[in-house]
Amino acid sequence: MIPAARFAPAVAPPAEDPDVPVTRVAVVGTGAWWGLQHAQTFAARPDTRLVAVVGRDPGRTAARATPLGATPYVDLDEMLAAESPDLVSVCLPNEGHFAPTLRLIRAGVPLLVEKPLTFSTSEGRQLIAEARSRDLFLAINFNHRYARPVRMAAAAIAGGDLGDLVFASWRFGGERGTSAHPYANLIETQCHGFDMLEHLCGPIDSVAAQVTDDRATLAVALHFAAGAVGTLLGSYDSSYTYPGTHLLEVNGTAGRLLVEDTVRRYVFNRAGDETAQVWQAGYFNDTDRDFHATFDRYLDDLLPALRMGAAPPVPATAGLRALQLAEAVIRSAETGRREAVDHDEPVVTES
């Protein structure tokens, strides 16, 4: 049975283990989405303590930090010297990840970074190389892997329930954000699709793309190294208010699975069987129906790995791999050709 997040809201936490030290965490960024989520989560968990919030605006930073019992800072180096955090969580605007992350890597502090890793593979490779040269813990928040339907999908595929995989499809669309990059949807949002498809189906070895004139909507044909084919459809010309804004399908010779809206529903059919097996959160199961609780479940894996000196459960190389695939899609869209994609970066397939 796949457990729910241990420390998510509305979940009674297990008895505290006095042998497990509390991890001191600083959050860099005061955004209203993941910056807020990271700060609130680290402040609420009994196994972590939010010691600092770093932002650019003194008033906004204090308004975020003070109610959560943390100290506000507008100078990153001052925060590191004063607090010596065990982990820094980087939650900055999507196009502003590279320079602060590089600065923190060079300071030698363990990091959890929000997606996308950067907006170019050259910058991503530099971050990975600098972290490796320091044997530094560097994780990325691909939290979709920790949704219960996705974990059920991974277990079904690993257990052979689908047989040989034949095709996979990912669809995800919503409103655009604030990034100016012409392929922002592809890089900062569909990175989840690239990561999920390779997490479940293995490496993608070629792509062929079609895009709208504004590049905010794209359709990509995929080929997997193991022989399956697939599609990825992503859009910033849609809306997150629509039911079914996200759909993941994986079809094999022995069965098919669907994941609806990441956390909403999981459906499995065996080939030739008209009766489906369906999971969806029960009446009192607020945790598994809550998208934000996937972050808590991810931390349930990440924090023990950090404390034990182990590798991150989702290393930043997964973010670099998503960038590698995105850049291949961009080349295909601009040349009209199918693009081969090598997979020299590790593809992480376990959580």
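Data block above holds the structure.
Residues numbered from 1 in each chain as written. Predicted model: local features only at pLDDT ≥ 70, side-chain atom pairs only at ≥ 80, totals over all residues. Heavy atoms only, no water.

K.L.:
So what exactly am I meant to see when it comes to empty space enclosed by the protein here?
P.N.:
Over the atoms rolls a probe the size of a water molecule, and its path tells where empty space is left. The full count for this structure, using the stated rule, is two cavities of 30 Å³ or more. Taken as a whole, the second largest cavity spans an internal volume of roughly 50 Å³. Lining the second largest cavity, in full, are Pro116, Leu117, Leu186, Ile187, Cys191, Phe194, Gly319, Ala322, Leu323 and Ala326. Elements represented by at least two residues in the lining of the second largest cavity include exactly helix H7 (184-189), helix H8 (191-201) and helix H11 (317-335). At four residues, the largest contribution of residues to the lining of the second largest cavity is made by H11. Class assignment of the residues belonging to the lining of the second largest cavity gives a composition of nine nonpolar, one polar and no charged. (1 Å grid on protein atoms, 1.4 Å probe; cavity = no way out; pocket = protein on both sides within 12 Å on 5 of 7 lines; lining within 4 Å. Points joined across faces, edges and corners; volume = space filled by probe spheres on them. Helix = DSSP H or I, 4+ residues; strand = E, 2+ residues; numbered from the N terminus. Nonpolar A, V, L, I, M, F, W, Y, C, P; charged D, E, K, R; others polar.)

K.L.:
What exactly am I supposed to notice about the side chain of Thr189 here?
P.N.:
With respect to the secondary-structure elements, Thr189 resides in helix H7. A polar side-chain atom of Thr189 sits 2.6 Å from a polar atom in the side chain of Tyr236. Setting aside anything within four residues of it in sequence, one finds Thr189 in contact with Phe172, Ala184, Tyr236 and Tyr240. (Polar contact = N/O pair within 3.5 Å; in protein donor to acceptor, adjacent residues only side chain to side chain. Contact = heavy atoms within 4.5 Å.)

K.L.:
Whenever I open this one, the sheet that holds strand S2 (residues 48-54) confuses me. Can you help?
P.N.:
Two pairing modes exist for strands in a sheet, parallel and antiparallel, and in both the strands are linked by backbone hydrogen bonds. Ordered in space as S3-S2-S1-S4-S5-S6, the six strands form an open sheet in which the pairing is parallel. Edge positions in the sheet fall to strand S3 (71-73) and strand S6 (138-140), since each has one partner strand and no second. For this sheet, the mean angle separating the axes of adjacent strands, direction not counted, is 25°. Contacts between helix H1 (residues 34-44) and the sheet are confined to strand S1 (23-28), S2, strand S4 (87-90) and strand S5 (111-113), with S2 contributing the most and set at about 145° to the helix. (Pairing = 2+ DSSP bridges. Axes fitted to C-alpha atoms, helices over the stretch in contact; angles between N-to-C directions.)

K.L.:
Honestly, the pairing of strand S9 (residues 217-224) in this entry has me stumped. Any pointers?
P.N.:
In the case of a regular strand, side chains alternate between the two sheet surfaces. In the sheet, strand S8 (residues 204-211) pairs with S9 via seven bridges, with the strands oriented antiparallel. When the bridges of S9 are listed, Ala209 appears paired with Val220. Linkage of S8 to S9, two consecutive antiparallel strands, is achieved through a turn of five residues, within which Arg215 is found at a positive phi near 65°. In this sheet, strand S10 (residues 229-235) lies alongside S9 in antiparallel orientation, the contact comprising seven bridges. Along S10, the bridge assignment pairs Thr217 with Ser235. In textbook terms, the turn of a hairpin is the stretch between consecutive antiparallel strands, and for S9 and S10 this stretch comprises four residues, one of which, Gly227, has a positive phi near 115°.

K.L.:
Help me understand the packing of aromatic side chains in this model?
P.N.:
Aromatic rings considered in pairs are described by the distance between their centres and by the relative angle of their planes. By the definition in use, this model includes eight aromatic pairs. These aromatic residues form a ring-pair network of at least three members: Trp33, Trp34, Phe42, Phe291 and Phe295. (Phe/Tyr/Trp six-rings, centres within 6.5 Å; stacked < 30°, edge-to-face > 60°.)

K.L.:
What should I look at first to understand the pairing of strand S12 (residues 255-260) in this one?
P.N.:
Sheet topology note: the strand S11 (residues 246-252)/S12 ladder contains five bridges and is antiparallel. In the strand pairing of S12, Val250 is matched with Leu257. Count of turn residues in the S11/S12 antiparallel hairpin: two residues. Across six bridges, the pairing between S12 and strand S13 (residues 265-270) is antiparallel. Each residue of the ladder has a partner; that of Arg256, found in S13, is Asn269. Remark: four residues form the turn of the hairpin made by S12 and S13, two consecutive strands paired antiparallel; Asp261 in that turn has positive phi of roughly 50°.

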